[in-house]
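Residue-level listing of the chains:
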Amino acid sequence: MKKLKKHNHTKVALFAGATAFMAFTPQVRAQSTDDVLINKLEQKGILTVDEAKEIREESAAEQTNLVNNALMATKFKMAASIKNMQFYGDLRLRYEYRGVDNIPANIALGGPSTFYRERMRYALRFGIRGDLYDNFNYGIRLETSTNPRSPWATFGNNTTSGSVAPSDKAQSGIGIGQAYIGWHPASWFEVTAGRMPMPLYTTPMVWSSNLNPEGAFEKFKYTIGDVDLFADFAQFDYQDPSSVMQFPSSDTFLLAWQAGANVRLGKDMSFKVAPMLYTYAGVGAGGGLNSTFVGQGLVGQNVGVPGGANVTLYNEEGINNLLILEIPAEFEFKIWKTPVGTLQARLFGDFAYNFQGADRASGAYKTNPGAFPGLSGPETGQNKAYQIGFGVGSDGPVYGPTQGLVYGSTSKKNTWEARVYWQHIEQYALDVNLLDGDFFEGRANLQGVYSAFAYSFTDAIIGTVRYGYANPIKSNLGTGGNNLDIPGINPVNNYNVFQADLTWRF
């Protein structure tokens, strides 16, 4: 503990003469260095979760005092309520290819059987976060694009009506990605309200990593020896149909209950599992949510009807009959004596089961029997989803379902990560509005492989390549769901996606 504090004080002395503008950059770098050290000590079991948190808070307070002292010479001052502040974000550039083959409706109408898109894209996210006094914390993040499942904008995308000018800026708006306040009055309890980073332990199989839920969240945690126990409760406002005035409120809420444990098996291994149950309440009259999910598109008698149409007969958004048990888990361990040094490996996965899947299937068939060619009744049993994968990378960075170099949440010069997983989502298993749109197109009744490799060229620059391939699970069903990247195509067959990213973290 004393060594860590001495380490932080040394950094303060090094930065004491910085100017007001230059103070921000050293603060972020120093904090990042300390976080890496603290994370390693925590992973090895030298520090408990509470001790690591206390040291992080002390380090952040010292860095904030440095900034305040440097800013004294200027007219800029932080509010008295702000204990510390961190400026952070990332800028990402991407080349992307998405393709679909064997489109039934186009073939039937004499059109091309292949659809593909090649795009150069960019995404910017920047924000501030930190602690307030009296055990409160805060966060605000802005990002490009108003699409909840994607912050990406496309080069040369001319969307202004009547405009033929290059470099159209209509898609280059800024949206509020996060805006939240947290309270942690005790080491074993915390609560967050607002539009927040995903607080639940889950995977992109169920929740897109770009979705920031809105509402309230409570966490209880307790450590017994080498076991960290936690219980999470979430009340997320899913949709507010403001055009409809009702009493009581017609808002739709997603409610989640999760309990889990992180078990440290010595200094080099750990196991984490966290079953979660979630469902919906107060389904109001907004969009297609209150209509029965069908999930069918341009198949059979639907030829000529826009795929993904949000109408009762072809609804792609309905959240009826969803009571889902999800069980994400991971096993981390070190690999020793490799030619490139110590490596950290992960076996991870997720399993989900919709207890009301049979009712969801029955409702879809009864709504539009003609949309299910060759079936004399509902295709029941399509109520499961699972993911299983393996990851390996440099020792040190924090890894997780949406953490690591592959997701750009960490970077350190010459570190790398590779991961691959198989994913299987049946038609009536999950809420298609939450699914990851980057891979597998935010669709159900789809299975395939995801692979990615990332390398950190510097402490701030990451290069990443990803590839995915998927096909329908049941050929007599559509691929339920609606995504703007490949709109109007259902079912999605022979789906390919390739992405090459260059990320600057700051």
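Structure report, in brief. What you see is a predicted model; the values in this text were computed from it and never measured.

Remarks on the overall build of the protein chain
Next up, step 1: A count of helical and extended segments in the protein chain gives 5 helices and 18 strands.
Next up, step 2: Burial status across the protein chain gives 48% buried among its 506 residues.
Next up, step 3: For the protein chain, the share of sequence-separated contacts (at least 6 apart) that also reach a separation of at least 24 residues comes to 68%.
Next up, step 4: Carbon and sulfur atoms form 61% of the exposed surface of the protein chain, whose accessible area is close to 22800 Å².

Section: the packing of aromatic side chains
Next up, step 1: Considering all chains together, one arrives at 23 aromatic pairs under this definition.
Next up, step 2: Here Tyr97 and Tyr116 contribute two aromatic rings whose centre-to-centre distance is 6.1 Å and whose plane-to-plane angle is 25°, an arrangement assigned as stacked. Taken together, the positions of Tyr97 in strand 1 (residues 86-100) and Tyr116 in strand 2 (residues 115-132) put the pair 19 residues apart, joining distant regions of the chain.
Next up, step 3: Aromatic ring contacts, followed pair by pair, group Phe348, Tyr421, Phe439, Phe440 and Tyr450 into a single cluster.
Next up, step 4: Looking at Arg129, its charged tip hangs above the ring of Tyr88, at a distance of 3.7 Å from the centre.
Next up, step 5: We note Arg360 situated over the ring of Phe293; from NZ or CZ to the ring centre the distance is 4.2 Å.

Notes on the nonpolar core
Next up, step 1: Among the nonpolar cores identified, the biggest contains 38 residues, and Leu254, Tyr278, Phe372 and Leu430 are the most heavily contacted of them.
Next up, step 2: Residue assignment for this core shows that the elements contributing at least two residues are strand 8 (227-239), strand 9 (252-264), strand 11 (276-281) and helix 5 (357-367).
Next up, step 3: Listed in part, the 20 residues of the second largest apolar core include Val100, Ile489, Tyr495 and Val497.

Observations concerning unusual backbone geometry
Next up, step 1: Cis peptide bonds are those with omega within 30 degrees of zero, and the linkage from Asn490 to Pro491 qualifies with 10°.
Next up, step 2: By secondary structure assignment, the location of Pro491 is in the loop between strand 17 (461-472) and strand 18 (495-505).
Next up, step 3: At Asn135, a residue that is not glycine, the phi angle is positive and equals roughly 70°.
Next up, step 4: Among the secondary structure elements, Asn135 is positioned in the loop between strand 2 and strand 3 (136-144).

Remarks on empty space enclosed by the protein
Next up, step 1: Applying the stated criterion to the full structure yields 3 cavities of 30 Å³ or more.
Next up, step 2: What the largest cavity holds in volume is close to 50 Å³.
Next up, step 3: Around the largest cavity, the lining residues are Thr203, Pro204, Phe348, Gln387, Pro401, Tyr407, Arg419 and Tyr421.
Next up, step 4: Partitioning the lining of the largest cavity into residue classes produces 5 nonpolar, 2 polar and 1 charged.

Considering the pattern of salt bridges
Opposite charge on two side chains lets them pair, provided their charged atoms get close.
Next up, step 1: Counted under the stated rule, the structure contains 25 salt bridges.
Next up, step 2: Glu190 serves as the salt-bridge partner of Lys221, at 3.3 Å between the closest nitrogen and oxygen. Taken together, the positions of Lys221 in strand 7 (residues 214-224) and Glu190 in strand 6 (residues 189-195) put the pair 31 residues apart, joining distant regions of the chain.
Next up, step 3: By relative accessible area, Lys221 is classed as partly exposed at 24%.
Next up, step 4: With relative accessibility at 21%, the residue Glu190 sits in the partly exposed group.
Next up, step 5: Glu330 serves as the salt-bridge partner of Arg346, at 3.2 Å between the closest nitrogen and oxygen. Remark: Glu330 occurs in strand 12 (residues 323-335) and Arg346 occurs in strand 13 (residues 343-354); sequence separation between them is 16 residues.
Next up, step 6: A network of salt bridges, in which partner residues are shared, links Arg94, Glu96, Arg98, Arg119, Arg121, Asp438, Glu441, Arg466, Asp485 and Asp501.

As for the side chain of Glu218
Next up, step 1: Checked against the element boundaries, Glu218 lands in strand 7.
Next up, step 2: Within the buried core, Glu218 has no salt-bridge partner, and the shortest N-O distance to an opposite charge, that of Lys219, equals 11 Å.
Next up, step 3: A distance of 2.9 Å separates polar atoms of two side chains, one belonging to Glu218 and the other to Gln235.
Next up, step 4: Sequence-distant contacts of Glu218, that is, excluding residues within four places in its chain, are made with Phe189, Glu190, Val191, Ala231, Asp232, Phe233 and Gln235.

Some thoughts on the side chain of Arg346
Next up, step 1: Taking the relative accessible area as the measure of exposure, Arg346 reaches 2% and is therefore buried.
Next up, step 2: A distance of 3.2 Å separates a polar atom in the side chain of Arg346 from a polar atom in the side chain of Glu330.
Next up, step 3: When sequence neighbours within four positions are dropped, the list of residues in contact with Arg346 reads Glu330, Phe331, Glu332, Gly389, Phe390, Gly391, Tyr399, Gly400, Pro401 and Arg419.

Cut-offs and rules
Residues numbered from 1 in each chain as written. Predicted model: local features only at pLDDT ≥ 70, side-chain atom pairs only at ≥ 80, totals over all residues. Heavy atoms only, no water. Helix = DSSP H or I, 4+ residues; strand = E, 2+ residues; numbered from the N terminus. Buried < 20%, exposed > 50% of the residue type's maximum accessible area, 1.4 Å probe, protein only. Contact = heavy atoms within 4.5 Å. Areas by Shrake-Rupley, 256 points an atom, 1.4 Å probe, with all protein chains shown as cover. Phe/Tyr/Trp six-rings, centres within 6.5 Å; stacked < 30°, edge-to-face > 60°. Lys NZ or Arg CZ within 6 Å of the ring centre and 35° of its normal. Core = buried A, V, L, I, M, F, W, Y, C linked by side-chain atoms within 4.5 Å. 1 Å grid on protein atoms, 1.4 Å probe; cavity = no way out; pocket = protein on both sides within 12 Å on 5 of 7 lines; lining within 4 Å. Points joined across faces, edges and corners; volume = space filled by probe spheres on them. Nonpolar A, V, L, I, M, F, W, Y, C, P; charged D, E, K, R; others polar. Salt bridge = Lys/Arg side-chain N within 4 Å of Asp/Glu carboxyl O. Lys, Arg positive; Asp, Glu negative; His and termini not counted. Polar contact = N/O pair within 3.5 Å; in protein donor to acceptor, adjacent residues only side chain to side chain.

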